[in-house]
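# Analysis of the macromolecular model
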Amino acid sequence: MNRSVPYTFPCGIHAAIIMDGNGRWALRRGLPRLAGHRAGAEALRRTVEAAVDQGIGTLTVYAFSSDNWNRPKEEVGALMQLLRTWLRSEMRRCVDNGVRVTFIGRRDRLPRLLLPAIEECESRTAPGARLHLRLAVDYSARDQLLEAARRPGATANRAALSHALGSPDVDLLIRTGGEQRLSDFLLWECAYAELYFTPRLWPDFSAEDLSQALAEFYARERRFGGLPAVVSSRG
Ligand code: FPP
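Residues numbered from 1 in each chain as written. Predicted model: local features only at pLDDT ≥ 70, side-chain atom pairs only at ≥ 80, totals over all residues. Heavy atoms only, no water.

Another aspect to go through is the nonpolar core. With 46 residues, the main nonpolar core has Ile56, Leu59, Leu87 and Leu135 as its most contacted residues. If we skip the residues at most four places from it in the chain, leucine 135 touches Leu44, Val61, Trp86, Leu87, Val101, Thr102, Phe103 and Ile104. Counting 13 residues, the second-largest nonpolar core is a separate cluster that includes Ile104, Val170, Leu173 and Phe185. (Core = buried A, V, L, I, M, F, W, Y, C linked by side-chain atoms within 4.5 Å. Buried < 20%, exposed > 50% of the residue type's maximum accessible area, 1.4 Å probe, protein only. Contact = heavy atoms within 4.5 Å.)

Now for helix 4 (residues 114–125). Taking 1.5 Å per residue, twelve residues should reach 16 Å; helix 4 reaches 17 Å between its end C-alpha atoms and fits that length. Where helix 4 is buried, its residues contact helix 3 (73–96) and strand 3 (99–104). (Helix = DSSP H or I, 4+ residues; strand = E, 2+ residues; numbered from the N terminus. Expected span 1.5 Å × (residues − 1).)

This model, assessed by the stated rule, comprises one cavity of 30 Å³ or more. The space that makes up the largest cavity amounts to roughly 60 Å³. What lines the largest cavity is a set of ten residues, among which Arg45, Val48, Glu90, Arg93 and Cys94 lie closest to the centre. Looking at the lining of the largest cavity, the elements with two or more residues in it are helix 2 (33–53) and helix 3. (1 Å grid on protein atoms, 1.4 Å probe; cavity = no way out; pocket = protein on both sides within 12 Å on 5 of 7 lines; lining within 4 Å. Points joined across faces, edges and corners; volume = space filled by probe spheres on them.)

This part is about the packing of helix 2 against helix 3. Here helix 2 crosses helix 3 at 30°, and the two axes come no closer than 10 Å. Relative to helix 3, helix 2 is oriented roughly parallel. Crossing of helix 2 against helix 3: the hand is right-handed. Contact residues: helix 2 offers Arg33, Leu34, His37, Arg38, Ala41, Leu44, Arg45 and Glu49, while helix 3 offers Glu75, Ala78, Leu79, Leu82, Trp86, Glu90 and Arg93. Looking at the contact of helix 2 with helix 3, its residues break down into seven nonpolar, one polar and seven charged. (Axes fitted to C-alpha atoms, helices over the stretch in contact; angles between N-to-C directions. Parallel < 35°, antiparallel > 145°, perpendicular 65-115°, else oblique. Left-handed = near helix turned anticlockwise from the far one by under 90°. Nonpolar A, V, L, I, M, F, W, Y, C, P; charged D, E, K, R; others polar.)

With that out of the way, let us pick up the site of the ligand. Of all residues adjacent to the ligand, which total 18 residues, the nearest are Asp20, Gly23, Arg24, Arg33 and Arg71. Between glycine 21 and the ligand, the recorded distance is 3.4 Å, taken from a backbone N or O atom to an oxygen atom. Glycine 23 is positioned such that a nitrogen or oxygen atom in its backbone is 3.0 Å from an oxygen atom of the ligand. When isolated, the ligand has an accessible area of 620 Å², and the protein chains bury 91% of it. Because more than half of its atoms lie within 2 Å of the grid, the ligand is assigned to the largest pocket. When residues of the shell around the ligand are traced back to their parent elements, those giving at least two are helix 1 (22–28), helix 2 and helix 3. With five residues, the top contributor of residues to the shell around the ligand is helix 2. For the shell around the ligand, a count of residues per class yields eight nonpolar, six polar and four charged. (Near = heavy atom within 4 Å. Polar contact = N/O pair within 3.5 Å; in protein donor to acceptor, adjacent residues only side chain to side chain. Areas by Shrake-Rupley, 256 points an atom, 1.4 Å probe, with all protein chains shown as cover. Sits in = over half its atoms within 2 Å of the grid points.)

Applying the stated criterion across every chain, the model contains 19 salt bridges. Between glutamate 120 and arginine 124 there is a salt bridge, with its nearest N and O atoms 2.7 Å apart. Residue glutamate 120 and its partner arginine 124 are both found in helix 4; the two are separated by four residues, about one turn of the helix. Taking the relative accessible area as the measure of exposure, arginine 124 reaches 40% and is therefore partly exposed. Across the pair glutamate 147 and arginine 151 runs a salt bridge, and its minimum N-O distance is 2.9 Å. (Salt bridge = Lys/Arg side-chain N within 4 Å of Asp/Glu carboxyl O.)

Okay, the pairing of strand 1 (residues 14–18) next. Most of strand 1 is tucked away: five of the five residues are buried. Across the two faces of strand 1 the burial is the same, with His14, Ala16 and Ile18 and Ala15 and Ile17 all buried. By the bridge criterion, five bridges tie strand 1 to strand 2 (residues 58–65) in an arrangement that is parallel. The partner of alanine 16 across the bridge, within strand 2, is threonine 60. (Pairing = 2+ DSSP bridges.)

This is the structure we're talking about:
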């Protein structure tokens, strides 16, 4: 764990990250895109450690969107292989650091060899209580919403749909890489998320960057459609 972070935030918020910019990071160095994804996997390892240190309760990261199937076959294959390697190398560390790992998204289209790795990781890390790390793989928020709404006996109200999605509301949504959009990520859960966009390319994202995003989050006033605290207390 990185002990250089000067302060720890008090409560376990749900932060979500769209990890963008791997390709550009590699391009700027004259490297193949896969080198950017490898550096991105390393950035994820560092960020998980920083999230534990900085008191985040749940961290959901966008590792592979359902639209990413449209990328060249070689890149998709390399990403799936990287995910499998990452699980193998990080599972022990997650167990030791109290990080519970689960997956969201479809599983029926994933490579056959990835499924046992996912299941083993979920069951071995299940006791982890310091951080819940959720990896979104073959994930589409729209598809998840449709799937939940179409379930037999589904009830059409907010609480029931939230329950069916099995995902807490997002407090802070971070997107790296300079783009400012949600890209079909946690659309329902982000209804009142604070949005934080940074030009930092994902492989360069550091504990300090996370700390800065959290500092900005805690400095914002969340009103959820109400009035600023000072106005409402005056009546
Ligand atoms: C976006 O960068 C990133 C992805 C599509 C995949 C995210 C994958 C990782 C962070 C690494 C692997 C993850 C795990 C869990 C092992 P991009 O390729 O769209 O970058 P660009 O916008 O610069 O082209």
